Amino acid sequence: MELQSWLPLLLQLGLMWPPWAQPEPRLRVFVVPHSHMDVGWLHTVQESMQAYVTNVYNSVVEALTLEKKRRFIAVEQEYFRLWWDGVASHWQKRKVHQLVAKGHLEFVLGGQVMHDEAVTHIDDQILQLTEGHGFLYETFGVRPQISWQVDPFGASSTTPTLFALAGFNAHVISRIDYNLKEAMQDNRQLQFVWRGSRSLSAEREIFTHVLDQFSYCSEGFNWDGEAIFPGPSLDGKYPSMEIPVTEDSIPDFTHLLGKRVLHKASWFQTAHILWPWGCDRQFFNASLQFANMDIVMDYINSEASEFGFSVEYATLGDYFRAVHSDQVAWQVRDHRDFLPYSSDMHHAWTGFYASRSGLKALARRASSLLYAGESMFTRYVLLAPHPYLDPAWGLQQLQQLRWAVSEVQHHDAITGTHVPNVGDMFVEHLSTGMQGVHKLMASIIQDRSPAHSGPEPGGHFAVVYNPLAWTVTTIITLTVDFPKVSITDESGLPVPAQAQRSKEMPSAYDLHVLTTIPGLSYRHYSIRPSRSSQEETGEPEPFVAKTTQFGGRLRRYGGQVGGSLVPVKNGCYIVFMDLDTNLMHSVWERQSNQKVYMTQQFMEYHANSDVWQGPVSDNYVFTPSGTAEPAWEAVRMEIVEGPLVTEIRQYFYREVNNSLPTFTIYSRLARGPQGSDGALLCHHIEQEYQVGPLELNREAILRTSTSLNTGRVLYSDNNGYQMQRRPYRNYKNNTIARNYYPMVQSAFIQDRRSRLVLLSDQAHGVSSQRNGQVEVMLHRRLWNNDKWALNNDLTLNDSSVVHPVLWLLLGSRTLTSDLHQRSGLALQHQPVVMLRETNDREHKAKADLRRVLLRLQHLYEVDQDPVLSRPVTVNLQSVLRGLGSVVSVEERSLTGTWDVSEMRRWTWSTRDPHGHRGNSSQPSPPPRGPEVTIYPKEIRTFFIHFQE
């Protein structure tokens, strides 16, 4: 590759300068020592702590203390906090404070983990950043200002927006599409200013650095070797240790380093070169590492004019301050993301969008429960009397789940790219945390109504909590042993209900209950068996739904369909089922009076299992052997009809004579009150799927084919925050997989008249392979003979049965734009149902509960809706009146560590003279009173101080 003209002439011509005329070297190399420590991948957190993490921090602190010129960056706060709280001595803690104060040890990114960017939700990204940032600010008084997202499998445009809101000055990524990185290297475009949101102003942009083809590792400079498990080594010997630096070997090391520096210099616009030194599980013997590198660097600097560059240990802050000082006019990148990610033409990293589907579901359920627990705790414990409940204990339960939810956002956790025993660790941490928060919520109820009588023998006493801030009308489902029950609310009034045979347990009944719950409030329901008939007592009993069975139908290869249709309706939709096929035929949306032909079926991609026969699918990559094939031969249908819910049950059988279905769709249309209260309930078709167990090397999808003329354009979300347009692209290789995208919360297809929105309760892969089609990858089961994967047990032989849920919204663009965001929140934060528990706890409160962190987010883009996209003004004193008297409002950065009036982010010169996107104004000024205005897509964070 041609060297740039500003590189030292002596390097191009091999000339030697006379001693009295040696110029200053033009290139300045910043060597940034680091260790990439996965919070669960091939080993559990505790295994990693024992094998190498503890020694990383022990030896780094010692090495940095011995030599002032050395530097180190620390990233994952879960590991650092475990070391700090459980290992570090008083001397080590004192030294860390000194190293941090001097800038020799720098915390970058600062979250609990290096989170994945494809399948994580924005709420959970913010949570794990806030967890880590809060610890660092409280412990050291520092705030991370540089990101280090170097290993996630693709880069979302949500992330730069969040980091700008958190006060970051620069953002570092690495894994982007291979051909795009090559082009950016060739054109010296690896650095740019990224405006991640099209609705926010340039104040929310961030300088972004893409690591070059060498990424974050420095092969050839690893003197401490590879960590061993359970470790550490007793004799100090480790695999793959580089030979020590000696007089004989130093030319080899300096030549290798110089060669790479010249490559890097040709890919960037300034004379400042970032050289990450480290890799996975490095620096567990930092003294050995630094002792060797010291010699290499001292030698180069002693001959700097000959080499044409100088080298220095540095932090990321040192490097970016140097780049910023050059005042280059940088290219601007808009809100487009870097997804999907392909490492080469045969390996599209789109499989992990659906790997370990069960863990993805559990992670989101845990996140939603945490949100409910925090809002209930704030609403009912913060300032209210709590004679039996210890708030400090309550905060401990919330903290335990915060830690677990933060942990599972790691880029080898929620992605499903870990070994099975690490997955067990994530599940255990999440489950334990969820149990604690369930117990807390039950204790809050008990604390507020200790004298409330329990249920009668054989009955149930349920509490239903609405975690959203607005009144919700919805249907909750309880499982009971018999259909003849009496259900009443807290006032003793009967409640509309419907009983039907349980789809899970044939001997039990599902009891659907219509409920309306004010925001951040709960309702009591008593369910007891009816002892006598309705005529004798006058008490209404739940309507027992009527079930109609339809015979099995074989999969058709052609012929007449649609000759006999069965309508299933509510106030918003009529779904027509085709009795010739037992498949969906079409949906009529009443408000726009539009009928869309729509059919659904389960299909599977087949995967190669022999690495000698070609590329394989695995936890990470999706490499289908061909197009998807139907995964069923027969389908049976039944319709369960009642006054509240009508449920269509479709059972798909892999073989005609199979007794159990491999796939099931439960489609539900609900009927609720007319008007705005029942709008969200009416305007969606809920579909719950049962998928599995799969056959080996199958990747299961639900394909929905419609009459919409979409041009193969799909829209899918970035982390539940914003939508991205995804036009179908043709590639020379692997076109199917490279047209898959992550769907964290929503996706849609549309034409001029109608839009079909899919809302999800967990992350999936989504694609549009044909006009009018959208397919969702729901489950994967894979095995291959790759030796490395087998030796590390990194396979995806997932034989589980998963139960994902989608809500389908069909209608005009105006209607669906109105419903999309609110429905997504309603699905994510459904009411929490708790059976009554008693608790004898009685403690005194020990926690300071006078300050609350509050975030306000505008849900809509600037041009999404003529009304809903307008700025919104909120009077916090009025909104929070139920919590107490607001004394003051203090606006903070996203993670709460900056007072926004004191936050001064660096300004980067750009080639784009237009500083804003859309119609958004400058960021809102800090509040001078209780009223704050939120502009489209803004996220604003406040400390609310309440009166004693």
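Once a new chain begins, its residue numbering starts again from 1 and follows that chain's sequence as written. Note on the predicted model: pLDDT of at least 70 is required for a residue's local features to be given, and 80 or more for side-chain atom pairs to be given and counted; whole-chain, interface and lining totals, by contrast, use all residues. Hydrogens and water molecules were not included; the side-chain quantities draw on all heavy atoms of the structure.

Description of the side chain of H684
Condition: Secondary structure follows DSSP: runs of H or I at least 4 residues long count as helices, runs of E at least 2 residues long count as strands, and numbering of each begins at the N terminus. Polar contact is defined as a pair of N or O atoms within 3.5 Å, subject to the rule that within protein one atom must be able to donate a hydrogen and the other to accept it, and that residues adjacent in sequence are counted only when both atoms are side-chain atoms. In what follows, residue pairs with any heavy atoms lying within 4.5 Å of each other are defined as contacts.
Inspection of the secondary structure puts H684 in the loop between α16 (679-682) and β28 (685-691). In this structure the side chain of H684 is engaged in a polar contact, spanning 2.7 Å, whose partner is the backbone oxygen of L680. Leaving out residues up to four positions away in the same chain, H684 has contacts with Y573, R668, W807, L808 and L809.

A short note on the pattern of salt bridges
The following threshold applies: The rule for a salt bridge is simple: a side-chain nitrogen of Lys or Arg has to be within 4 Å of a carboxyl oxygen of Asp or Glu. Each residue is assigned to one of three classes by its accessible area relative to the maximum for its type, calculated with a 1.4 Å probe on protein chains only: buried under 20%, partly exposed between the two thresholds, exposed over 50%.
For the structure on display, the rule yields 35 salt bridges. Salt-bridge contacts for D177 lead to R738; the nearest nitrogen and oxygen are separated by 2.8 Å. Of this pair, D177 sits in the loop between β4 (170-173) and α7 (178-186) while R738 is found in helix α17 (residues 735-738), placing the two residues 561 residues apart along the sequence. By relative accessible area, which is 4% here, R738 ends up buried. In this structure, the salt-bridge partner of R198 is D863, at a minimum N-O distance of 2.9 Å. With a gap of 665 residues between them, R198 in the loop between β5 (191-194) and β6 (206-210) and D863 in the loop between β39 (851-857) and β40 (872-875) connect regions that are remote in the sequence. The class for R198 is partly exposed, based on a relative accessible area of 27%. Residue classification places D863 among the exposed residues on the basis of a relative accessible area of 51%. What emerges from the salt-bridge pattern is a single network uniting K503, E504, R636, E638, E647, R649, R668, E686 and E688.

Details of the sheet that holds strand β27 (residues 663-670)
Operational definition: Pairing between two strands requires that DSSP report at least two bridges joining them. Here an axis means a line fitted to C-alpha atoms, over the contact stretch when the element is a helix, while the angle between two N-to-C directions is reported on a 0 to 180 degree scale.
Here we have 10 strands laid out as an open sheet, ordered β19-β25-β26-β27-β28-β37-β34-β33-β30-β31, and antiparallel in their pairing. The sheet is open, and its two borders are formed by β19 (546-554) and β31 (722-727), each paired with just one other strand. Between one strand axis and the next, the sheet turns by 20 degrees as a mean value, whatever way the strands run.

Comments concerning the packing of aromatic side chains
Note the cut-off: Centres within 6.5 Å make a pair out of two Phe, Tyr or Trp rings, where for Trp the six-membered ring is used; the pair is then stacked when the planes are under 30 degrees apart, edge-to-face when over 60, and tilted otherwise.
Within the structure shown, the criterion is met by 53 aromatic pairs. An angle of 35 degrees between the planes, with centres 6.0 Å apart, marks the rings of W41 and W788 as tilted. Linking W41 in the loop between β1 (27-33) and α2 (45-66) with W788 in helix α18 (residues 787-791), this pair joins segments that are 747 residues apart in sequence. With centroids separated by 6.1 Å and ring planes inclined at 65 degrees, the aromatic side chains of F192 and W194 adopt a geometry described as edge-to-face.

Things to note about the sheet that holds strand β14 (residues 485-489)
With antiparallel pairing, the 4 strands of this open sheet are ordered in space as β14-β17-β12-β38. Two strands bound the open sheet, and with one partner strand each, they are β14 and β38 (832-835). Taking the axes of each pair of neighbouring strands and ignoring which way they run, one obtains an average angle of 25 degrees across the sheet. Along the sheet face, helix α14 (residues 420-448) touches β12 (460-466), β17 (521-529) and β38 and points at about 70 degrees away from the line of β38.

Let's talk about the packing of helix α5 (residues 122-140) against helix α13 (residues 391-407)
The angle between the axes and the distance between the axes are what describe a pair of packed helices. Let me state the cut-off plainly: Put simply, angles under 35 degrees are roughly parallel, angles over 145 are roughly antiparallel, angles from 65 to 115 are roughly perpendicular, and the rest are oblique. Helix crossings get a hand from a simple test, with the near helix turned counterclockwise from the far one by less than a right angle marking a left-handed crossing and a clockwise turn marking a right-handed one. When residue character is reported, Ala, Val, Leu, Ile, Met, Phe, Trp, Tyr, Cys and Pro are called nonpolar, Asp, Glu, Lys and Arg charged, and the others, Gly included, polar.
The N-to-C vectors of α5 and α13 enclose an angle of 115 degrees; their axes lie 9 Å apart at closest approach. Classed by the angle they form, the pair α5 and α13 counts as roughly perpendicular. Both α5 and α13 take part in a crossing whose hand is left-handed. Listed contacts from α13 to D124, L127, Q128 and E131 of α5 are Q399, R402, V405 and S406. Looking at side-chain class alone, the contact of α5 with α13 contains 2 nonpolar, 3 polar and 3 charged residues.

Examining the confidence of the model for the protein chain
Quick note on the threshold: The pLDDT value tells you how sure the predictor is about a given residue, anywhere from 0 up to 100.
Looking at the protein chain, the pLDDT average stands at 91 and 92% of residues meet or exceed 70. Low confidence marks residues 837-845, where pLDDT is under 50. Its contacts with residues over four positions away, or in another chain, come to 20 contacts. Taken together, the stretch residues 916-922 has pLDDT below 50 and engages in 21 contacts with residues farther than four places along the chain or on a different chain.

Focus: the state of the cysteines
So the rule is basically this: In plain terms, two cysteine sulfur atoms within 2.5 Å form what is called a disulfide here.
A complete count under the given rule lists 2 disulfides for this structure. Across the disulfide from C217 sits C279; the S-S distance is 1.8 Å. Disulfide C217-C279: the torsion about the S-S bond is 60 degrees, which places it as right-handed. Of this pair, C217 sits in the loop between β6 and α8 (250-265) while C279 is found in the loop between β7 (272-277) and α9 (286-302), placing the two residues 62 residues apart along the sequence. Note on cysteine connectivity: C572 is disulfide-linked to C682, with sulfurs 1.9 Å apart. Linking C572 and C682, the disulfide has an S-S dihedral of approximately 130 degrees and is accordingly described as right-handed. Here C682 lies in helix α16 and C572 lies in the loop between β20 (565-569) and β21 (573-578), a separation of 110 residues in the sequence. Here the two residues C572 and C682 agree in accessibility, since each one is buried. Take the cysteines of the protein chain that form disulfides and number them in order along the sequence; they join up as 1-2, 3-4.

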